[in-house]
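The primary structure of each chain is shown beneath.
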Amino acid sequence: MKLEKTNAMRLLDAAHLQYEVKEYPHNNEALDGVSVARLLEQDPEQVFKTLVTVSNKKEYFVFMVPVKEELDLKKAAKLVHAKSIDMIPVKEIPKVTGYIRGSTCPLAMKKKYPTFIHETAILYDTIMFSGGKLGYQILMNPEELMNLEQIEAYDIIKS
């Protein structure tokens, strides 16, 4: 069966970056990241979820954290110089990103939002994140991802 390219994959192809697509069974339902890591036999520390937040000033920010971890909203707000930030409601994910819950990818969103990744990403040769469609994960070098999208690495998880 031929792989259906997503906008994220097309963006990586256009940038001539190497990546690998891993597929997993999903029954049209979003799986938690730890389950995805297990299905694909990946270390959960190297599998990142993409979270979209909104500040008290109605500005959107994207954060990538390992699937077993939780975004620290206070650290994130301080990082983006906002009084507070919250996760966007699930029903707003498609409108804001162009993706559905469980397929949110840091690449090729409807608009480009400031994006940050947990600092552990740079410890690995490859990390995995959603490929922009349920059942697809992208495996690639984190520094190439960060350079492509101007993603900055910080300590953004709860201690």
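Reading guide: rules and limits
- Residues numbered from 1 in each chain as written.
- Predicted model: local features only at pLDDT ≥ 70, side-chain atom pairs only at ≥ 80, totals over all residues.
- Heavy atoms only, no water.
- Buried < 20%, exposed > 50% of the residue type's maximum accessible area, 1.4 Å probe, protein only.
- Helix = DSSP H or I, 4+ residues; strand = E, 2+ residues; numbered from the N terminus.
- Arc of directions from axis to C-beta.
- Contact = heavy atoms within 4.5 Å.
- Polar contact = N/O pair within 3.5 Å; in protein donor to acceptor, adjacent residues only side chain to side chain.
- Phe/Tyr/Trp six-rings, centres within 6.5 Å; stacked < 30°, edge-to-face > 60°.
- Pairing = 2+ DSSP bridges.
- Axes fitted to C-alpha atoms, helices over the stretch in contact; angles between N-to-C directions.
- 1 Å grid on protein atoms, 1.4 Å probe; cavity = no way out; pocket = protein on both sides within 12 Å on 5 of 7 lines; lining within 4 Å.
- Points joined across faces, edges and corners; volume = space filled by probe spheres on them.
- Nonpolar A, V, L, I, M, F, W, Y, C, P; charged D, E, K, R; others polar.

(A) The arrangement of helix 5 (residues 142–149) in detail. Buried within helix 5 we find P142, L145, M146 and E149. Looking straight down helix 5, one finds its buried side chains confined to an arc of 95 degrees; they lie on one side. Summarising the contacts, the buried residues of helix 5 are in contact with helix 1 (7–14), strand 3 (60–66), strand 5 (115–118), strand 6 (127–130), strand 7 (136–140) and strand 8 (152–154). Between the side-chain oxygen at the start of helix 5 and the backbone nitrogen of E143 there is a gap of 2.8 Å, and the oxygen is on N141. Among the residues trailing helix 5, Q150 stands out with phi positive, at a value near 55 degrees.

(B) A look at unusual backbone geometry. The phi dihedral of H16 is positive, around 55 degrees, even though this residue is not glycine. On the basis of relative accessible area, H16 is assigned to the exposed category, the value being 73%. Its identity as a non-glycine residue notwithstanding, E41 has a phi of 55 degrees, on the positive side. Relative to the assigned elements, E41 resides in the loop between helix 2 (33–39) and strand 2 (48–55).

(C) Region of the structure containing the packing of aromatic side chains. Inspection of the entire model under this criterion finds three aromatic pairs. Plain terms: the ring middles of F63 and F116 are 5.5 Å apart, the flat faces sit at 25 degrees to each other, and that makes the pair stacked. With F63 in strand 3 and F116 in strand 5, the pair connects residues that are 53 residues apart, well separated along the chain. Its relative accessible area of 0% is what places F63 among the buried residues. On the basis of relative accessible area, F116 is assigned to the buried category, the value being 9%.

(D) Spatial organisation of the sheet that holds strand 1 (residues 20–23). In spatial order, the strands read 1-7-6; together these three strands make up an open sheet with antiparallel pairing. Two strands close off the open sheet at either side, each with one partner strand: strand 1 and strand 6. Strand-to-strand twist in this sheet, taken as the mean axis angle between neighbours without regard to direction, amounts to 30 degrees. Sheet topology note: the strand 1/strand 7 ladder contains four bridges and is antiparallel. Residue pairing across strands places K22 opposite Q137, the latter belonging to strand 7.

(E) Region of interest: helix 1. Those residues of helix 1 not exposed but buried are A8, M9 and L12. Down the axis of helix 1, the smallest arc covering the buried residues is 100 degrees, so these residues share one side. For helix 1, the secondary structure elements touched by its buried residues are strand 1, strand 7 and helix 5. The first or second residue beyond helix 1 is H16, which carries a positive phi of 55 degrees.

(F) The layout of surface pockets, seen in detail. Its volume calculated, the largest pocket comes out at about 640 Å³. Looking at the largest pocket, it is lined by 27 residues, and the ones nearest its centre are K49, T50, L51, R101 and G102. Contributing elements (two or more residues each) for the lining of the largest pocket: helix 2 and strand 2. Looking at the lining of the largest pocket element by element, the count peaks at five residues for strand 2. Of the residues belonging to the lining of the largest pocket, the class tally is 15 nonpolar, seven polar and five charged. Space inside the second largest pocket adds up to approximately 150 Å³. Around the second largest pocket, the lining is made up of 13 residues, and of these T6, N7, G98, Y99 and G132 lie nearest the centre.

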